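Coordinate analysis (summary)
Now for the letters of each chain:
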Amino acid sequence: QNKNLKTISILHTGGTIASKVSYSTGAASSSFSPEDILKLFPELKEIANIKSRLMRNMFSEDIRFSHYNLMAKEIEKEIQNGADGIIVTQGTDTLAVTSAALAFALENLTKPVLLVGAQRSSDRPSSDAAMNLICASHFITKTNFNEVAVCMHGKSGDDYCYILPGTKTRKLHSSRRDAFKAVNSNTIAKVNKEGKVEFLQEYHKKEHKDKLKLKPFNEKLKIGVL
Ligand code: GLU
């Protein structure tokens, strides 16, 4: 723990960001523990004090309203325990749906919550996992942003990541690293591996008079086709 650094809690739910490819079957399986993630991305320790916790290990297509409620509760807990920002990692297929769900479930949010995934598994040379996590960590430590957003590659190369609006982002390609785009809205900011942040629109921190409040979803609701 370095007192001069902020604290980021990484809540891990599964997906490619935590997967490795089995070269005998060709399938990607989730098998990295949160400790493995820190071993894999040691740069993160230079940016912030990292707490990392496995919340679930599931495919994002299996995420339901009960899981959004669980994530919101865990995020609240981390904030109460002093986290300066939260990173939620999950599979990319419904990552943008989760960011929208959390934006609605977390009222009067005072800290940033960034959804981060990977299009290519962490043990591949072309993996985008490290850069997405590093950019998200820089964005949390270097800005006063306090909303839910998505942090993924902005270009197919490793130039920078985009910070995308929590409620207005879609995954628009199955394998490109820059698959996530703001739809009917604009990218909030660009951030690179070295920690350079550039807001692409004017940003004013949201001030809340009231405390963080959870607005849970009705868990009996059925999600239609995802
Ligand atoms: N269908 C998987 C999921 O969304 C793909 C893995 C991934 O993109 O991270 O969990």
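Details of the structure are given in the entry above.
Every value quoted in this text rests on a predicted model; they were computed, and no experiment measured them. Each residue is numbered by its place in its chain's sequence as written, counting from 1. Totals for whole chains, interfaces and linings use every residue, but because this is a predicted model, local features are given only for residues with pLDDT of at least 70 and side-chain atom pairs only at 80 or more, for both listing and counting. Only hydrogens and water are set aside when side-chain values are computed; all heavy atoms of the structure are taken into account.

Focus on the nonpolar core
In terms of nonpolar packing, the biggest core is built from 31 residues, with I75, L102, L106 and V113 touching the most fellow members. Ranked by residue count, the leading element in this core is helix α3 (residues 65-80), at six residues. The contacts of I75, once residues within four sequence positions are left out, are L11, I86, V88, L102, L106 and V113. Put simply, a nonpolar core is a bunch of buried Ala, Val, Leu, Ile, Met, Phe, Trp, Tyr and Cys residues held in one set by side-chain atoms that sit within 4.5 Å of each other. The rule is simple: take the accessible area with a 1.4 Å probe, protein chains only, and divide by the maximum for that residue type; under 20% is buried, over 50% is exposed, in between is partly exposed. If you look at the next biggest cluster of nonpolar residues, it comprises 30 residues, including I8, A118, M131 and A189. A run of H or I in DSSP becomes a helix once it reaches four residues, and a run of E becomes a strand once it reaches two; helices and strands are each numbered from the N terminus. By definition, residues are in contact when any of their heavy atoms lie within 4.5 Å.

Observations regarding helix α4 (residues 95-105)
The element α4 is extensively covered by neighbouring structure, given that eight of its eleven residues are classed as buried. Along α4, the positions that sit buried rather than exposed are L95, A96, T98, S99, A100, A101, L102 and A105.

Let's talk about the side chain of T13
You can see T13 is positioned in the loop between β1 (7-12) and β2 (19-21). Taking the relative accessible area as the measure of exposure, T13 reaches 3% and is therefore buried. When neighbours within four sequence positions are excluded, T13 is seen to be in contact with M55, R56, N57, M58, M71, V88, T89 and Q90.

Focus: the sheet that holds strand β4 (residues 49-54)
Hydrogen bonds between backbone atoms are what pair the strands of a sheet, whose relative direction is either parallel or antiparallel. At least two bridges found by DSSP between two strands is the condition for calling them paired. Spatially, eight strands are ordered β4-β1-β5-β7-β8-β9-β12-β13 in an open sheet, and the strand pairing comes out mixed. Strand pairing shows two members of the sheet lacking a second neighbour, β4 and β13 (197-199), which therefore form its edges. The sheet shows a mean angle of 25° between the axes of neighbouring strands, taken without regard to direction. Across three bridges, strand β9 (residues 161-165) lies against strand β12 (residues 189-191) in antiparallel orientation. Directly across from Y162, in β12, lies its bridge partner K190. Axis geometry follows a simple rule: fit a line to the C-alpha atoms, using only the stretch in contact for helices, then measure angles between N-to-C directions, giving values from 0 to 180 degrees.

Quick look at the pairing of β9
With five of five residues buried, β9 is to be regarded as a mostly interior element. The pairing of strand β8 (residues 148-153) with β9 spans five bridges and is antiparallel. Across the sheet, M152 pairs through a bridge with Y162, a residue of β9.

Notes on the site of the ligand
The criterion for a residue being near a molecule or strand is simple. One of its heavy atoms has to lie within 4 Å of it. Around the ligand sit G15, T16, F59, S60, E61, G91, T92, D93 and A118, and those are all the residues in its vicinity. What qualifies as a polar contact is a pair of N or O atoms within 3.5 Å, subject to a donor-acceptor requirement within protein and to the restriction that residues adjacent in sequence count only when both atoms come from side chains. Residue T92 places a side-chain N or O atom 2.3 Å away from an oxygen atom belonging to the ligand. Protein burial of the ligand: of its 290 Å² of free accessible surface, 85% is covered by the chains. When residues are sorted by character, Ala, Val, Leu, Ile, Met, Phe, Trp, Tyr, Cys and Pro go into the nonpolar class, Asp, Glu, Lys and Arg into the charged class, and all the rest, Gly among them, into the polar class. When grouped by side-chain class, the residues that make up the shell around the ligand number two nonpolar, five polar and two charged. To measure how exposed things are, a 1.4 Å probe is used in the Shrake-Rupley method; for residues, cover is taken only from the protein chains shown.

What about the state of the cysteines?
Throughout, a disulfide means two cysteine sulfur atoms within 2.5 Å of one another. According to the stated counting rule, one finds zero disulfides in the structure shown. Between C135, a cysteine without a disulfide, and C161, which holds the nearest cysteine sulfur, the sulfur-to-sulfur distance is 3.2 Å. When its relative accessible area of 0% is taken as the criterion, C135 is described as buried. The cysteine C151 is free of any disulfide, with C161 supplying the nearest cysteine sulfur at 4.3 Å. Judged by its relative accessible area of 0%, C151 falls in the buried class.

Structural notes on unusual backbone geometry
If you check the backbone angles, N108 has positive phi at about 60° while not being a glycine. Residue position: N108 is located in the loop between β6 (106-107) and β7 (113-116).

Some points on the environment of K193
With respect to the helices, strands and loops of the structure, K193 is situated in the loop between β12 and β13. Looking at K193, the relative accessible area reads 36%, which means it is partly exposed. Between the C-alpha atom of K193 and that of A100, which follows or precedes it by 93 residues, the distance is 25 Å. Not counting chain neighbours up to four residues away, the residues in contact with K193 comprise M131, I134, C135, H138 and D158.

None of the figures reported here should be taken as evidence of function without further support.
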